[in-house]
Amino acid sequence: MKTKSINIKENETQSELSERAEKIANQLTKQGKVVICIQTLPDYAEINYFD
């Protein structure tokens, strides 16, 4: 398995970024990916997962 990440840098609030990252993580899980972690900062979110 290979570790990959998705970075989200948008002009949104931290809670909006968190919601968006959670939706993307759910989509990845439905595709059979294993989500390792979701990190949300005030202006940035990152999703790490196994492909």
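Residues numbered from 1 in each chain as written. Predicted model: local features only at pLDDT ≥ 70, side-chain atom pairs only at ≥ 80, totals over all residues. Heavy atoms only, no water.

What to know about helix α1 (residues 14-30)
What counts is decided by this rule: Each helix corresponds to a stretch of at least 4 residues labelled H or I by DSSP, and each strand to a stretch of at least 2 residues labelled E; elements are numbered beginning at the N terminus. In this scheme, a helix's expected span is set at 1.5 Å multiplied by one less than its residue total. To sort residues, take the accessible area from a 1.4 Å probe on protein chains only and compare it with the maximum for the residue type: under 20% means buried, over 50% means exposed, and anything in between is partly exposed. Starting at the helix axis, one direction is taken to each C-beta atom, and the arc is that of these directions. When checking whether two residues touch, look at their non-hydrogen atoms; a contact exists if any pair is within 4.5 Å.
In this model α1 runs 24 Å from its N-terminal to its C-terminal C-alpha over 17 residues, within 8% of the 24 Å that 1.5 Å per residue would give. Buried within α1 are the following residues: Leu17, Ala21, Ala25 and Leu28. Down the axis of α1, the sector holding all buried residues measures 70°, keeping them to one side. Exposed residues pointing more than 90 degrees away from the buried face of α1 are listed as Lys23 and Lys30. Contacts made by the buried residues of α1 are with β1 (3-8), β2 (34-41) and β3 (44-50). Of the residues trailing α1, Gly32 is marked for its positive phi of about 90°.

A few points about the environment of Lys30
Of note, Lys30 is situated in helix α1. Residue class for Lys30 comes out exposed when judged on its relative accessible area of 75%. Taking the C-alpha atoms as reference, Lys30 lies 17 Å from Met1; in sequence the two are 29 residues apart.

Details of the sheet that holds β3
Stated formally: Two strands qualify as a pair provided that DSSP identifies no fewer than 2 bridges between them. Axis definition: a line fit to C-alpha positions, over the contact stretch in the case of helices; interaxial angles, taken between N-to-C directions, run 0 to 180 degrees.
Read from one edge of the open sheet, three strands run β1-β3-β2, paired in antiparallel fashion. Among the strands making up the open sheet, the edge pair consists of β1 and β2. Mean inter-strand twist for the sheet, computed between neighbouring axes without regard to direction, equals 15°. When β1 meets β3, the two strands line up antiparallel, connected through six bridges. The residue bridging Ile8 from the neighbouring strand is Ala45, located in β3.

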